[in-house]
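Descriptive analysis of the structure
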Amino acid sequence: MRVLFLSSEIYPFAKTGGLADVSASLPKALSEIGVHVKSVMPLYRTVDLEKFGIVPTGKKVSVSVGAGNFDFEVYKVSNSVSHYFLKNDHLFGRDYLYGTPEGDYPDNDVRFGTFCWAVVKLIEEGFFKPDVVHANDWQTALTPVLISKKGLKVKTLQTIHNLAYQGIFPKEAVERLSLGWELFNMEALEFWGKVNFLKGGIIFSDAVNTVSPTYAREITTPEFGYGLDGVLKKYSYKLFGILNGIDYDVWNPETDPYIYVNYSENTVSRKEENKRLFLKETGLSGEEKPLFIFIGRFAKQKGIDLIMESMEELPSLPANFAILGTGDTGYNSFFNSIKGKYPNIFVEVAYDEPLSRKMYASADYLLMPSLYEPCGLNQMIAMRYGTLVVARKTGGLADTVRDVDKPGGYGFLFEEFSPEAFLKAVKKAVDFYYNSRSRFARLRQFVMGIDFSWNNSALKYMRLYENLIEGKVK
Ligand code: GLC
């Protein structure tokens, strides 16, 4: 079985979010169970060719659309048959993936639309011979549309990692990308007078999935559907939820080179040593207090507002807090402004993977108060590192965290999106830490043993591909 996996970001080549991690770890897990996967992404200027041994294959492909002629050169990682890149410096030789801090690039329709055209041409010319094309998010969502338009005998899967980003452009995109005005209708790409790439991917692919079962249900409702709930409901017969996994080779406290002291399920008490050294490094004090961490993009989605609105109360709790992240300028300036202000709150406004690993290893609790969460990877990483999770019960968080008040529970969930509900959960975790010592110790050992690897989910993707090839979905 041959799968062509399309993504606008793949770790370690380029990353802005969880999509990059999944676009690396899922193809890897699929290869391990015998699926032949090739992945393709744009070759941004920021990709380090030398470091990764990325070289030209000699293959070129031209795309001719309303916006002009675009030549792409196919590159690949020299010693691998799995990582491919499409190079066009005019479109992708820029400093950012999607736009500057001031805003998205105005030609993102042409950038990612012609990328999709180029992939389809490479299939037509026999350079790629996939049974299934697996598109991820809006950036590659025109591929299923073009494959269907051309009637190619290739099955298509569209994965939604975050429905809030749909790739919506002025209707001129129809001509700029030579899509044909027949596609500009409500049953195709048209969306409130504009062109919606992801809507196209949903309608024209043979199957659609999102990255957790709960989010798959949520997106068919107006609250989470971002205007596409009706479409998703209509196509719910081909809509699935498959929970993401994390790469257990990459996230392993036994071998992680960045943490202070390595440990395993049987030596989980060594987290204390990590905590002691982390507090020392960051100027916090009080090893006997619970350490809460937040790691993530500073974006509305991640529930940053709940943390900001709790800032009056957190300093008075018998606990330490460490916050690491960067993102929207408003949030960045808020967190910069409280740096060093409270003795029990450490703040770092940055993207810093080594520091994040030390935090996972040192913490007692991870905070994840997300407004919505298609899957979420941080909670799985945290538990793999023996850190209990305090999270809002939404999307993938609801599928991976079970509240301590339930039989077999091992985390702290709250439902209402309010600072009061958030603080109540935090205080409950503080109290649990001081007053349920032995249960706390047992739970952190327990969460380390939960299987958040790709083992199960990679098999689910493989079965879905098989069903597509056998024509069982549509
Ligand atoms: C997006 C989602 C996140 C998910 C990730 C990978 O970043 O916001 O919840 O885990 O994609 O699928």
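Above this text is the structure in question.
Residues numbered from 1 in each chain as written. Predicted model: local features only at pLDDT ≥ 70, side-chain atom pairs only at ≥ 80, totals over all residues. Heavy atoms only, no water.

Some points on the side chain of serine 23
Quick reminder of the rule: The helix and strand labels rest on DSSP assignments: H or I over at least four residues marks a helix, E over at least two residues marks a strand, and numbering proceeds from the N terminus. Throughout this description, buried means an accessible area under 20% of the type-specific maximum (1.4 Å probe, protein chains only), exposed means over 50%, and partly exposed covers the range between. Counting of polar contacts relies on pairs of N or O atoms within 3.5 Å, with two restrictions inside protein: one atom must be capable of donating a hydrogen and the other of accepting it, and residues adjacent in sequence are counted only when both atoms are side-chain atoms.
Mapped onto the fold, serine 23 is located in helix 1 (residues 18–32). Assessed through its relative accessible area of 1%, serine 23 is described here as buried. A distance of 2.8 Å separates a polar atom in the side chain of serine 23 from the backbone oxygen of leucine 19.

Some details on the packing of helix 5 (residues 142–150) against helix 7 (residues 197–204)
What counts, and what does not: For helices, the axis comes from a line fit to the C-alpha atoms of the stretch in contact; other axes are also lines fit to C-alpha atoms, and the angle between any two N-to-C directions lies between 0 and 180 degrees. Orientation is classified from the angle alone, with under 35 degrees giving roughly parallel, over 145 giving roughly antiparallel, 65 to 115 giving roughly perpendicular, and any other angle giving oblique. When the near helix sits turned anticlockwise from the far one by under a right angle, the crossing is termed left-handed; a clockwise turn instead gives a right-handed crossing. Residues count as neighbours in contact if any of their non-hydrogen atoms are within 4.5 Å of one another. Throughout, the ten residues Ala, Val, Leu, Ile, Met, Phe, Trp, Tyr, Cys and Pro are labelled nonpolar, Asp, Glu, Lys and Arg are labelled charged, and all others, Gly among them, are labelled polar.
Direction vectors running N to C along helix 5 and helix 7 enclose 50°, while the axes themselves pass 7 Å from each other. In this view, helix 5 runs oblique relative to helix 7, as classed from their interaxial angle. Here the hand of the crossing between helix 5 and helix 7 comes out left-handed. Across the interface between the two elements, Leu142, Pro144, Val145 and Ser148 from helix 5 touch Phe197, Gly200, Gly201 and Phe204 from helix 7. Classifying every residue of the contact of helix 5 with helix 7 by side-chain character gives five nonpolar, three polar and no charged.

Here we look at the packing of aromatic side chains
For the record, the criterion: The criterion for an aromatic pair is that two Phe, Tyr or Trp rings (for Trp, the six-membered ring) have centres within 6.5 Å, with stacked assigned to planes under 30 degrees apart, edge-to-face to planes over 60 apart and tilted to the rest. By definition, being over a ring means that NZ of Lys or CZ of Arg is both within 6 Å of the ring centre and within 35 degrees of the ring normal.
Inspection of the entire model under this criterion finds 32 aromatic pairs. Aromatic pair tyrosine 365 and phenylalanine 412: ring centres 5.7 Å apart, planes at 85°, arrangement edge-to-face. Note that tyrosine 365 is positioned in strand 18 (residues 365–368) and phenylalanine 412 in strand 20 (residues 412–414), a separation of 47 residues in sequence. One exposure class covers both tyrosine 365 and phenylalanine 412, and it is buried. Pairwise contacts between aromatic rings join Phe292, Phe321, Tyr365, Phe412, Phe432, Tyr433, Tyr434 and Phe440 into one cluster. The ring of tryptophan 251 is capped by arginine 357, whose NZ or CZ atom sits 4.1 Å from the centre of that ring.

With respect to the pairing of strand 16 (residues 320–327)
In the case of a regular strand, side chains alternate between the two sheet surfaces. Convention followed: Looking down the strands as they point away from the viewer, one classifies a crossover as right-handed if the path from the first strand across the helix to the second runs clockwise. We call two strands paired when DSSP finds no fewer than two bridges between them.
Within strand 16, six of the eight residues are buried, which leaves it mostly tucked inside the rest of the structure. Running through helix 12 (residues 304–309), the crossover from strand 15 (residues 291–298) to the neighbouring parallel element strand 16 is right-handed. For strand 16 and strand 17 (residues 345–349), the ladder comprises five bridges, and the chain directions are parallel. Note that in strand 17 the partner of phenylalanine 321 across the bridge is isoleucine 345. After leaving strand 16, the chain enters helix 13 (residues 329–337) and then returns to the sheet as strand 17, a path that is right-handed.

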